[in-house]
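An overview of the molecular structure
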Amino acid sequence: MAKLTRRDFLLASAASIGSIVISTSLSGCSSDNDNPEPFPYDVAFLHGVACGDPTADALLLWTRVSAEAVEVPVEWQLSADKEFNQILRSGKTTTSANSDYTVKIDVQDLAAGTEYFYRFRAGTVYSAAGRGKTLPEGDVSQVKLAVFSCSNYPAGYFHVYAAAALIADLDAAIHLGDYIYEYGADGYASEDAQALNRVVKPATEILTLADYRQRYAQYRTDQALQQIHAAAPFIAVWDDHEITNDAWRDGAENHQRRAADDELHRDLAREARIPVRRGGARQLAGV
């Protein structure tokens with residue numbers, strides 16, 4: 001059997017997305033382990049960080065760890081400043097293959113209309129820092145939003161994400177749907193994918209949880225997409241391509257499935273999406 005090198009592992013680990021969720025409303029201070037020992041294995045945050053589903057008093061934080069381990073301890077911090085000199089909350093959790101090495105932290109009891117900064121740490125390795133902002137309460141005279149839709153990876157580069165990430169004082173980013181496309185490598189708008197080095201993975205149309213995780217992971221390696229996720233909290237809604245094109249109760253464009261099959265397909269898509277709370281109308285929120 002061929003030996004799996006560190007490089008091979010880190011490249012392969014970019015193939016999937018999942019989630020675990022931890023809710024926290026307890027006040028805290030900085031980590032009680034400010035000088036951790038290095039792990040006996042390599043870790044990286046290849047998929048960046050994200051913040052989503054903001055309310056007036058809560059933010060949902062997300063990351064994914066790439067590591068060659070059964071379980072990975074992960075710390076998180078929420079700060080009032082981008083230098084992390086005023087850490088307001090912190091905590092510890094673990095992630096594993098069961099959750100595809102992802103973490104969701106539901107930070108509650110926050111102040112309305114307030115900017116926060118967050119990051120994660122695995123051993124001595126820090127993630128990129130992200131910016132979140134809770135929704136305002138009361139009279140709101142203005143709001144600054146970045147609005148997106150229809151983000152097809154093989155069709156071209158995501159320059160607009162990088163441009164929007166440079167906008168100061170964004171309250172939120174809104175994605176109107178089609179955050180990913182489900183087609184295979186020969187699907188819609190893929191004519192230039194090879195030249196652009198943006199051929200989709202897996203090469204077939206996505207149908208299983210593993211397929212969805214791999215496709216989302218590929219999108220989340222895009223640097224421009226990582227930039228906008230780190231710059232503002234996301235509020236997102238479903239459209240059809242997150243599941244399959246023109247889906248309805250009796251099938252879809254490329255699949256003549258039973259309604260029960262479509263429901264299973266929707267469940268698989270929800271399982272792979274990040275970061276969104278479970279249940280109610282929030283289940284419709286996207287990334």
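Each residue is numbered by its place in its chain's sequence as written, counting from 1. With pLDDT at 70 or above as the cut-off, local features in this predicted model cover only qualifying residues; side-chain atom pairs require 80 or more to be listed or tallied, and sums for whole chains, interfaces and linings still use all residues. Here the side-chain values reflect all heavy atoms present in the structure, with hydrogen atoms and water set aside.

**Side note on the nonpolar core**
- Formed by 26 residues in total, the largest nonpolar core has its most connected members in Phe148, Phe158, Tyr161, Tyr219, Leu225 and Ile228.
- With four residues, the top contributor of residues to this core is helix H5 (residues 223-231).
- Excluding residues within four positions of it along the chain, Ile228 makes contact with Phe148, Tyr161, Ala164, Ala165, Leu170, Ala173 and Phe234. In this description, a nonpolar core means a group of buried Ala, Val, Leu, Ile, Met, Phe, Trp, Tyr and Cys residues linked to one another through side-chain atoms lying within 4.5 Å. In this scheme, a residue with accessible area under 20% of its type's maximum is buried, one over 50% is exposed, and one in between is partly exposed, where area comes from a 1.4 Å probe on protein chains only. Numbering of helices and strands runs from the N terminus, with a helix taken as a DSSP run of H or I at least four residues long and a strand as a DSSP run of E at least two residues long. By definition, residues are in contact when any of their heavy atoms lie within 4.5 Å.

**What about the confidence of the model for the protein chain?**
- pLDDT: the predictor's confidence for each residue, scored from 0 to 100. Taken over all residues, the pLDDT of the protein chain has a mean of 83, while the share at 70 or more is 77%.
- Note that residues 26-32 has pLDDT below 50 and, in this model, 18 contacts with residues that lie over four places away or in other chains.
- Here residues 279-287 is a poorly scored stretch, pLDDT under 50, and it has 28 contacts once near neighbours within four places are set aside; other chains count.

**Thoughts on unusual backbone geometry**
- A cis geometry characterises the amide bond from Lys201 onward to Pro202, with omega recorded as -10°.
- Tracing the backbone through its elements, the reader meets Pro202 in the loop between helix H3 (193-196) and helix H4 (209-220).
- For Asp100, which is not glycine, the phi dihedral falls at a positive 60°.
- Counting through the fold element by element, Asp100 comes out in the loop between strand E7 (87-96) and strand E8 (102-107).
- Here Asp100 falls in the buried class, since its relative accessible area comes to 6%.
- The backbone of Asp178 shows a phi angle near 60°, a positive value even though the residue is not glycine.
- Following the sequence through the fold, Asp178 ends up in the loop between strand E13 (172-175) and H3.
- Judged by relative accessible area, Asp178 falls into the buried class, the value being 3%.

**With respect to the packing of aromatic side chains**
- Here the aromatic set is Phe, Tyr and Trp, taking the six-membered ring for Trp, and pairing holds for ring centres within 6.5 Å; pairs whose planes are under 30 degrees apart are stacked, those over 60 apart are edge-to-face, and all others are tilted. Counted by the stated rule, this structure contains twelve aromatic pairs.
- Plain terms: the ring middles of Tyr153 and Tyr219 are 5.4 Å apart, the flat faces sit at 40° to each other, and that makes the pair tilted. Of this pair, Tyr153 sits in the loop between strand E12 (145-148) and helix H2 (159-165) while Tyr219 sits in helix H4; the two residues are 66 residues apart in sequence, bridging distant segments of the chain. Residue Tyr153 shares its accessibility class with Tyr219, and that shared class is buried.

**Some remarks on the pairing of strand E9 (residues 115-122)**
- Burial within E9 is extensive, with seven of its eight residues counted as buried.
- Pairing analysis gives five bridges linking strand E6 (residues 71-79) to E9, with the strands arranged antiparallel. Bridging from a neighbouring strand, Leu78 pairs with Tyr118 of E9.
- Note that E9 and strand E11 (residues 130-133) share four bridges and pair antiparallel. Along E11, the bridge assignment pairs Tyr118 with Gly130.
- Sheet topology places E9 next to strand E10 (residues 125-126); two bridges connect them, and they run antiparallel. Bridged to Ala122 within E10 is Val125. Paired strands, in this sense, are two strands between which DSSP finds at least two bridges.

**Thoughts on the environment of Thr94**
- Within the element layout of this structure, Thr94 appears in strand E7.
- A sequence separation of 20 residues divides Thr94 from Val74, and the C-alpha atoms of the two residues are 5.5 Å apart.

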